[in-house]
Amino acid sequence: MNAPLPQFLAVNGLDIALRRREGRTPGIVWLGGYYSDMLGSKAQWLDQWASERGVAFLRHDYSGHGESGGEFRDGTISLWLEQSLAVFRQFSSGPQILVGSSMGGWIALRMIEELQRTGEGGRVAGLVLIAPAPDFTSELVEPQLTNDQRRQIAERGYMEEPSDYSSVPYIYTKALLEDGKTNQVLKGVIQTDCPVHILQGMEDKDVPYTHALRLMDHLPVDDVTITLVRDGDHRLSRPQDLDLLTRTVSSMVDRVKLLHPVQ
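As the structure is a computational prediction, the values presented were derived from the model and not from experiment. (Residues numbered from 1 in each chain as written. Predicted model: local features only at pLDDT ≥ 70, side-chain atom pairs only at ≥ 80, totals over all residues. Heavy atoms only, no water.)

Asker: What should I look at first to understand the overall build of the protein in this one?
Answerer: A count of helical and extended segments in the protein gives eight helices and 10 strands. For the protein, whose C-alpha radius of gyration is 17 Å, the value lies close to the compact-globule estimate of 18 Å for 263 residues. A principal-axis box enclosing the C-alpha atoms of the protein has dimensions of 60 × 40 × 40 Å. Taking all 263 residues of the protein together, 52% fall into the buried category. As displayed, the protein offers around 11800 Å² of accessible surface, 48% of which is attributable to carbon and sulfur atoms. (Helix = DSSP H or I, 4+ residues; strand = E, 2+ residues; numbered from the N terminus. Rg over C-alpha atoms; globule rule 2.2 N^0.38 Å. Buried < 20%, exposed > 50% of the residue type's maximum accessible area, 1.4 Å probe, protein only. Areas by Shrake-Rupley, 256 points an atom, 1.4 Å probe, with all protein chains shown as cover.)

Laid out in structure tokens, this is it:
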């Protein structure tokens, strides 16, 4: 499927690329992962699903990703959170379901915190998290750093690591790691005030399924469902995984309609 040309929203001098599909609410807001973009297989799949069902769908690229401006190595969770909130506020209305993949799950949880802080928490009516990676900088990256990698970060301000998904290596900067600590969510009770469904592969080498189980422990107040895919990897992009994703999102849409009937 050919994607329409993106729109752009200027956020603090950076052009953030986005694609918006008009439709019914609750709408779907896609939040991609680290080094991912809005033309990835899961985002494209959900866009097609939304098109066929007349559901609103919104996605964007963080700065330094995909079609957005800015340099990747200048990115931090706080910066990408700010951009995600700006796109959400300007290009969506009514109840929305956040679908966050990997780092996008962390961004989604922080978005909810910020929206609640400003009295907008009711905008998020549902949450679907795919291999969620909240606090991944401090919980998954830093503990695995070698002495050489720590030296690189201290001396150069960043380190590189080969990626299983791209010829371009992952870059982890000192600024990203330090900023991650200010955005931690696995430090107490997380209250989203909406239903949550987590999809997690048990063969995930990047974000172990135990991380998703730990996240559940921090969501004692909400109605949370977790689906463990025994042979699923981190991407969960096989045909059967994409089918599971659309069934999960479709079920969440139906559930939100019952909780938030159209006036």
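Asker: Any chance you could explain the packing of helix α2 (residues 77-91) against helix α6 (residues 174-182) here in plain terms?
Answerer: α6 packs onto α2 with a crossing angle of 65° between their chain directions and a minimal axis gap of 8 Å. Regarding the angle of α2 to α6, the classification is roughly perpendicular. Between α2 and α6, the contacting residues are Ile77, Ser78 and Trp80 on the first element and Leu176, Asp179 and Thr182 on the second. (Axes fitted to C-alpha atoms, helices over the stretch in contact; angles between N-to-C directions. Parallel < 35°, antiparallel > 145°, perpendicular 65-115°, else oblique. Contact = heavy atoms within 4.5 Å.)

Asker: What's the story with the sheet that holds strand β5 (residues 96-101) in this structure? I'm lost.
Answerer: Neighbouring strands of a sheet are bound in pairs by backbone hydrogen bonds; such pairs are parallel or else antiparallel. Ordered by their spatial adjacency, eight strands build an open sheet running β1-β2-β4-β3-β5-β6-β9-β10, and the pairing between neighbours is mixed. The open sheet has two free edges, formed respectively by β1 (7-11) and β10 (224-229), since each of these has just one partner strand. Between one strand and the next, the sheet's axes are offset by a mean angle of 20°, whatever the strand orientation. With six bridges connecting them, β5 and strand β6 (residues 124-130) associate as parallel partners. When the sheet's bridge partners are listed, leucine 98 is paired in β6 with leucine 127. (Pairing = 2+ DSSP bridges.)

Asker: Can you help me understand helix α3 (residues 103-117) in this one?
Answerer: Because an α-helix completes one turn every 3.6 residues, residues spaced three or four positions apart along the sequence face the same direction. The end-to-end C-alpha distance of α3 is 21 Å, a good match for the 21 Å that 15 residues give at a rise of 1.5 Å each. With respect to burial, α3 is a largely interior element, 12 of its 15 residues being buried. For α3, the full list of buried residues reads Met103, Gly104, Gly105, Trp106, Ile107, Ala108, Leu109, Arg110, Met111, Ile112, Glu114 and Leu115. In the segment just after α3, glycine 119 is the residue with positive phi, at about 80°. (Expected span 1.5 Å × (residues − 1).)

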